[in-house]
Amino acid sequence: MSYTHGIRKNWQQFIIQLLVVFAIGLTIGSERTVVPVLGREAFALESILMIGSFVLSFGFVKALLNLYGGKWADEYGRKPILILGWILALPIPVILVAAPNWWWVTLGNVLLGINQGLAWSMSVNAKIDLAGDEARGVAVGLDEALGYGGVAIGGWVTGIIATSYGLRPAPFYLLGAIIVSGLFASVFLVEETKPYADAEAAATADSEGELPFSNVLKHATYGNRTLFAASQAGSIEKFVDALVWIVYPLYFTSQGLSVAQVGIVVGVYGGVWGVVQLYTGRLADRIGRRSPVVAGMFTAGLGTLLVAMVDGYMLWLVSAAVTGLGMALLYPNLITVVGDAVHPQWRAQGLGVYRMWRDAGYGFGAIFVGLVADLVSVEAAIVGVGIAMLGSWFVTVVWLEETHPALVSDSDSDTTKNRINMAEIHEE
């Protein structure tokens, strides 16, 4: 059977994959607005670090599953791992509805981390498989746009439901329906895409066979400075997302906003992020990956700082939009940088390593935000995350190289040389 790459040539399966990632985004979005307020009001938690424990557990579990999900995807295929991710999400709504204490909520978020680590990883890998080199940026941009569009809509809708019907159980009925729908689509509609990656690898002149997993881990973490710059940027930008998830609902409700209004602020952040990604992935296919990533790190850091510098609902909406714009510029294109730089034969593993470090940022961010908020103030935590983003921006300016295949040559790109000279990595 012939496997031809391209979004248009595989449009039916690509659309199905987009619907699946939209459901994945809705799943995590359904917790964005409600769960932190639930911790404060239903379980009487006062420590931001304690409330943030559910994000901490989510982040570190998702990071680990990203790592091994990529490894398993290269061994067993994308579809079985996707289905497993949905199956393990089935108990989440029941746990959140029945939770007698906060540790049950934390357990539910462990399962959410597994779901997101497996399901979203497989979704983005599948789209990259189908698209091929020429449309990789568009594919990742569409994946992240639909996914984070789902996050925004999930947070907005559950905020409205919670305002009208209470924090429990009504918002989590929606979550249950989303999970069941995602599982159904993954079992009956999604096709396996690993053969597309195999076909790309077979057509690559520098094919070197299987690469040991330990070598992939080392190479994608620190063996290449561009991949290191991408990994640290991915990890630090998750500090922003942890801040939005943990602090924004608590901070804004303490400033007089309703849960529904908080849902709109969080929705604007995720919505701008999601919609603009429809264009930033295509932009990176035209002008390269580096410029959007560098601009996005700076813009997201500035938007985060603005939250602590302004006061009032409308100004917070503007700050959320600026932050979302920065995330839209950087987020899909960091993934594309890694997709460019790693070999097709171990792309799923390389992306898994990047996504491990990126989503570990949820855990590190939850610790950072919680400690600073508890020991100093919530405003200090917001400012601290903004400063961390600007520090990470400086690293990308210095070390992140351009990786677009049409804009670099073997002679002038450290990234390309490390991708092509696979034999050197095998000898490590």
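About the thresholds
- Residues numbered from 1 in each chain as written.
- Predicted model: local features only at pLDDT ≥ 70, side-chain atom pairs only at ≥ 80, totals over all residues.
- Heavy atoms only, no water.
- Helix = DSSP H or I, 4+ residues; strand = E, 2+ residues; numbered from the N terminus.
- Rg over C-alpha atoms; globule rule 2.2 N^0.38 Å.
- Buried < 20%, exposed > 50% of the residue type's maximum accessible area, 1.4 Å probe, protein only.
- Contact = heavy atoms within 4.5 Å.
- Areas by Shrake-Rupley, 256 points an atom, 1.4 Å probe, with all protein chains shown as cover.
- Salt bridge = Lys/Arg side-chain N within 4 Å of Asp/Glu carboxyl O.
- Polar contact = N/O pair within 3.5 Å; in protein donor to acceptor, adjacent residues only side chain to side chain.
- 1 Å grid on protein atoms, 1.4 Å probe; cavity = no way out; pocket = protein on both sides within 12 Å on 5 of 7 lines; lining within 4 Å.
- Points joined across faces, edges and corners; volume = space filled by probe spheres on them.
- Nonpolar A, V, L, I, M, F, W, Y, C, P; charged D, E, K, R; others polar.
- Expected span 1.5 Å × (residues − 1).
- Bend = angle between axes of the 7 residues up to and from the residue.

Secondary structure assignment for the protein yields 19 helices and zero strands. Here the C-alpha atoms of the protein give a radius of gyration of 20 Å, agreeing with the 22 Å that 2.2 N^0.38 yields for 428 residues. Here the protein holds 428 residues, and the buried ones make up 63% of them. The long-range share in the protein, meaning contacts at least 24 apart out of those at least 6 apart in sequence, stands at 86%. Carbon and sulfur atoms form 67% of the exposed surface of the protein, whose accessible area is close to 15100 Å².

Attention shifts here to the pattern of salt bridges. A side chain of one charge can pair with a side chain of the opposite charge when the charged atoms of the two come close. For the coordinates displayed, the defined rule picks out twelve salt bridges. Close ionic contact of Glu401 with Arg225 constitutes a salt bridge, the shortest N to O distance being 3.0 Å. With Glu401 in the loop between α17 (378–399) and α18 (414–420) and Arg225 in helix α12 (residues 225–254), the pair connects residues that are 176 residues apart, well separated along the chain. Overall, the relative accessible area of 16% leaves Glu401 in the buried class. Ionic pairing is found between Asp340 and Arg289, a salt bridge with its closest N-O pair at 2.7 Å. In this pair, Asp340 sits in helix α15 (residues 313–341) while Arg289 sits in the loop between α13 (259–287) and α14 (290–309), placing the two residues 51 residues apart along the sequence. Assigned by exposure class, Asp340 and Arg289 land together as buried. Through salt bridges with shared partners, a single ionic network connects Arg32, Lys238 and Asp241.

Here we take up the side chain of Thr27. Of note, Thr27 is situated in helix α1 (residues 11–32). Of note is the side chain of Thr27, whose polar atom sits 2.8 Å from the backbone oxygen of Ala23. Not counting chain neighbours up to four residues away, the residues in contact with Thr27 comprise Trp86, Leu112, Asn115, Gln116, Leu175, Ile178 and Ile179.

Once that is clear, we can look at the layout of surface pockets. Taken as a whole, the second largest pocket holds about 170 Å³ of empty space. Residue lining of the second largest pocket: Thr4, Lys9, Asn10, Trp11, Gln12, Gln13, Ile16, Leu130, Glu191 and Tyr196, and that is the complete set. Residues belonging to the lining of the second largest pocket are distributed by class as follows: four nonpolar, four polar and two charged.

In this model, α13 (29 residues) spans 40 Å end to end at C-alpha, consistent with the 42 Å of a helix rising 1.5 Å per residue. Maximum bend of α13: about 45 degrees, positioned at Gln277. Immediately downstream of α13, the backbone of Gly288 shows phi near 110 degrees, a positive value.

Let us look at the environment of Phe252. Looking at the secondary structure, you find Phe252 in helix α12. Once the C-alpha coordinates of Phe252 and Trp316 are considered, the two residues, 64 residues apart in sequence, prove to be 9.0 Å apart. In contact with Phe252, other than residues within four places in its own chain, are Val247, Leu257, Val262, Val265, Val307 and Trp316.

Looking at where Asn109 falls in the secondary structure, it is placed in helix α7 (residues 102–131). The contact partners of Asn109, leaving out residues within four places of it in the chain, are Glu31, Phe54, Val55, Ser57, Phe58 and Trp245.

Turning our attention to empty space enclosed by the protein. Following the criterion strictly, the structure yields two cavities of 30 Å³ or more and no others. Roughly 50 Å³ of internal volume is contained in the largest cavity. Along its surface, the largest cavity is lined by 13 residues, and Lys62, Trp120, Tyr148, Lys238 and Tyr362 are the ones closest to its centre. Those elements giving two or more residues to the lining of the largest cavity turn out to be α1, α4 (53–76), α7, α8 (136–165) and α16 (347–375). Each residue belonging to the lining of the largest cavity can be placed in one class, and the counts come to seven nonpolar, one polar and five charged.

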